[in-house]
Amino acid sequence: MENLRIFDDLDELTRKYANENLNETDTNRVICLEGLKQWLKDEVPWINARNEDRYLLPFLRGCKFNLEKTKVKMINYYCMKRDRPEWFASRNPLLPNLQELTKLGVFVPLKKHHENKMVVIIRTAAHDPKRHKWDEVFKVGKMVLDIACLESEHAQIYGIIALFDMTGMSFSHYKTMTPSLIKKAVFAWQNYHVRPKQLEFINSPTYINIALNIFKSFMTEKMKNRVKVHFGGVSKALNVVSQDILPVEYGGGGDTFQDLGNYWFEKLVEYRQWFEEDEVYKADNTV
């Protein structure tokens, strides 16, 4: 069975962690996967969800195998894909604007994990707001996140550390980040198929709390408690994750942002057909 094969590929430590922290056991996994597939077929065929184990398991893991919470998150996710065409339609990585933003490294998962968690650096001001809209930035971020989590079961199980690098945030960046856009971004983080375990803001301007208060107004209490703000430059990232995996620009021993941007661009191109096929998996417009 596919679901058993997936779990058997995990090392013993990860299996133990999933069991103790996510309620993922052989029995639970089989029962919940079968229950989800039946529910998708009989009750909510209109959300047009992917029903393969590899796409259902991340939702179950994100909800600690609570079947009812998983159903709510899946409905929210597939409705979001329908309602946000600016993020989930025309996801061709070769489109000039998307290619430029990906190579720029606006959203880069690092190649090595920190304490088994995937580390994603989100460079909030790397783009020129006169050239690129926030929706394009979020679109690239979702594309990279989809592939990164599809290829890493550790990210599904242990979660993600998101480092928001606030370097260069200007009024031009802030003025286009409307409350409605912030609400959409928070909704996406809370209903995606991967758990953000830490939201770390580095090199933060002194006035960041004004913007963060807007973000937090849309967050659950659990997510609010995962937000931390660091002042004093990007070197503060060393307080969050291991130095050896961080980019060179942060004083780390990892890749440069240019190398990471090129790596993820090439990775997205490999999945070009997958993005095209994935576009049909969204809730019906008639509901």
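This structure is a prediction, so every number in the text was calculated from the model and none was measured.

A. A look at the pairing of strand S3 (residues 160-165). The element S3 is extensively covered by neighbouring structure, given that 6 of its 6 residues are classed as buried. Taking every second residue as pointing to the same face, both faces of S3 are buried, with Ile160, Ala162 and Phe164 on one and Ile161, Leu163 and Asp165 on the other. As judged from the 6 bridges shared by strand S2 (residues 118-123) and S3, these two strands associate in the parallel manner. If you follow Ile122 over to S3, its bridge partner there is Phe164. As paired strands, S3 and strand S4 (residues 196-202) are joined by 6 bridges and run parallel to one another. Residue Asp165 lies in a different strand from S4, and its bridge partner there is Ile202.

B. Representation of the nonpolar core in the model. Counting residues in hydrophobic clusters, the biggest one holds 84 residues, and the most contacted among them are Leu40, Met74, Leu163, Phe164, Leu199, Phe201 and Val241. With near-sequence residues (within four places) excluded, Leu163 lies in contact with Val119, Val120, Ile121, Ile122, Glu200, Ile202, Ala237, Val240, Val241 and Leu246. Core analysis: the next-biggest nonpolar cluster, separate from the first, contains 5 residues, Ala18, Leu22, Ile157 and Tyr158 among them.

C. Up close: the packing of aromatic side chains. For the coordinates displayed, the defined rule picks out 14 aromatic pairs. Ring centres of Tyr77 and Tyr192 lie 5.3 Å apart, and the angle between their planes is 85 degrees; on these two criteria the pair is classed as edge-to-face. Here Tyr77 is found in helix H5 (residues 67-83), whereas its partner Tyr192 is found in the loop between helix H11 (179-191) and S4, with 115 residues between them in sequence. For Tyr77, a relative accessible area of 5% puts it in the buried group. Taking the centre distance of 4.6 Å and the plane angle of 10 degrees together, the rings of Phe164 and Phe201 count as stacked.

D. Local environment of empty space enclosed by the protein. This model, assessed by the stated rule, comprises 3 cavities of 30 Å³ or more. Lining the largest cavity are 26 residues, with Ile122, Thr124, Phe138, Phe164 and Phe215 positioned closest to its centre. Listing elements by their share of the lining of the largest cavity, those giving two or more residues are S2, helix H8 (134-151), H11, S4 and helix H12 (208-217). Take the lining of the largest cavity: its biggest share by element is 5 residues, from H8. Looking at the lining of the largest cavity residue by residue, the class counts come to 22 nonpolar, 2 polar and 2 charged. In this structure, the second largest cavity encloses a volume near 160 Å³.

E. Representation of the layout of surface pockets in the model. Taken as a whole, the largest pocket encloses approximately 520 Å³ of empty space. Looking at the largest pocket, it is lined by 18 residues, and the ones nearest its centre are Gly62, Cys63, Lys73, Gln190 and Lys222. Of all the secondary-structure elements, those providing two or more residues to the lining of the largest pocket are H5, H11, S4 and helix H13 (221-224). It is H5 that provides the largest number of residues to the lining of the largest pocket, a total of 4 residues. Of the residues belonging to the lining of the largest pocket, the class tally is 5 nonpolar, 6 polar and 7 charged.

F. Focus on the confidence of the model for the protein. Confidence in the prediction of the protein, expressed as mean pLDDT, is 90, and 97% of residues score 70 or more. Predicted confidence is poor over residues 1-7, with pLDDT under 50, and the contacts of this stretch with residues over four places away or in other chains come to 20 contacts.

G. Highlighting the pairing of S4. Most of S4 sits out of view: 5 of its 7 residues are buried. In this sheet, strand S5 (residues 227-229) lies alongside S4 in parallel orientation, the contact comprising 3 bridges. Residue pairing across strands places Leu199 opposite Val227, the latter belonging to S5.

H. Examining H11 more closely. Taking 1.5 Å per residue, 13 residues should reach 18 Å; H11 reaches 18 Å between its end C-alpha atoms and fits that length. Taken together, the buried positions of H11 are Leu181, Ile182, Lys184, Ala185, Val186, Ala188, Trp189, Gln190 and Asn191.

I. Local environment of the environment of Leu56. Along the chain, Leu56 falls in helix H4 (residues 53-62). A relative accessible area of 0% places Leu56 in the buried class. Separated by 137 residues in the primary sequence, Leu56 and His193 have C-alpha atoms spaced 8.8 Å apart. Setting aside its immediate chain neighbours within four residues, Leu56 contacts Leu33, Leu36, Lys37, Leu40, Arg50, Asn51 and Met74.

J. Fine view of the sheet that holds S3. Spatial ordering of the open sheet is given by S1-S2-S3-S4-S5, a layout of 5 strands whose pairing is mixed. The open sheet terminates on both sides in strands that have one partner only, identified here as strand S1 (107-109) and S5. This sheet shows a mean twist of 20 degrees between the axes of neighbouring strands, independent of strand direction. Across the sheet, H12 touches S4 and S5, and the angle it forms with S5 is around 175 degrees. Across the sheet, helix H14 (residues 257-270) touches S1 and S2, and the angle it forms with S1 is around 90 degrees.

About the criteria used
- Residues numbered from 1 in each chain as written.
- Predicted model: local features only at pLDDT ≥ 70, side-chain atom pairs only at ≥ 80, totals over all residues.
- Heavy atoms only, no water.
- Buried < 20%, exposed > 50% of the residue type's maximum accessible area, 1.4 Å probe, protein only.
- Helix = DSSP H or I, 4+ residues; strand = E, 2+ residues; numbered from the N terminus.
- Pairing = 2+ DSSP bridges.
- Core = buried A, V, L, I, M, F, W, Y, C linked by side-chain atoms within 4.5 Å.
- Contact = heavy atoms within 4.5 Å.
- Phe/Tyr/Trp six-rings, centres within 6.5 Å; stacked < 30°, edge-to-face > 60°.
- 1 Å grid on protein atoms, 1.4 Å probe; cavity = no way out; pocket = protein on both sides within 12 Å on 5 of 7 lines; lining within 4 Å.
- Points joined across faces, edges and corners; volume = space filled by probe spheres on them.
- Nonpolar A, V, L, I, M, F, W, Y, C, P; charged D, E, K, R; others polar.
- pLDDT = per-residue confidence, 0-100.
- Expected span 1.5 Å × (residues − 1).
- Axes fitted to C-alpha atoms, helices over the stretch in contact; angles between N-to-C directions.

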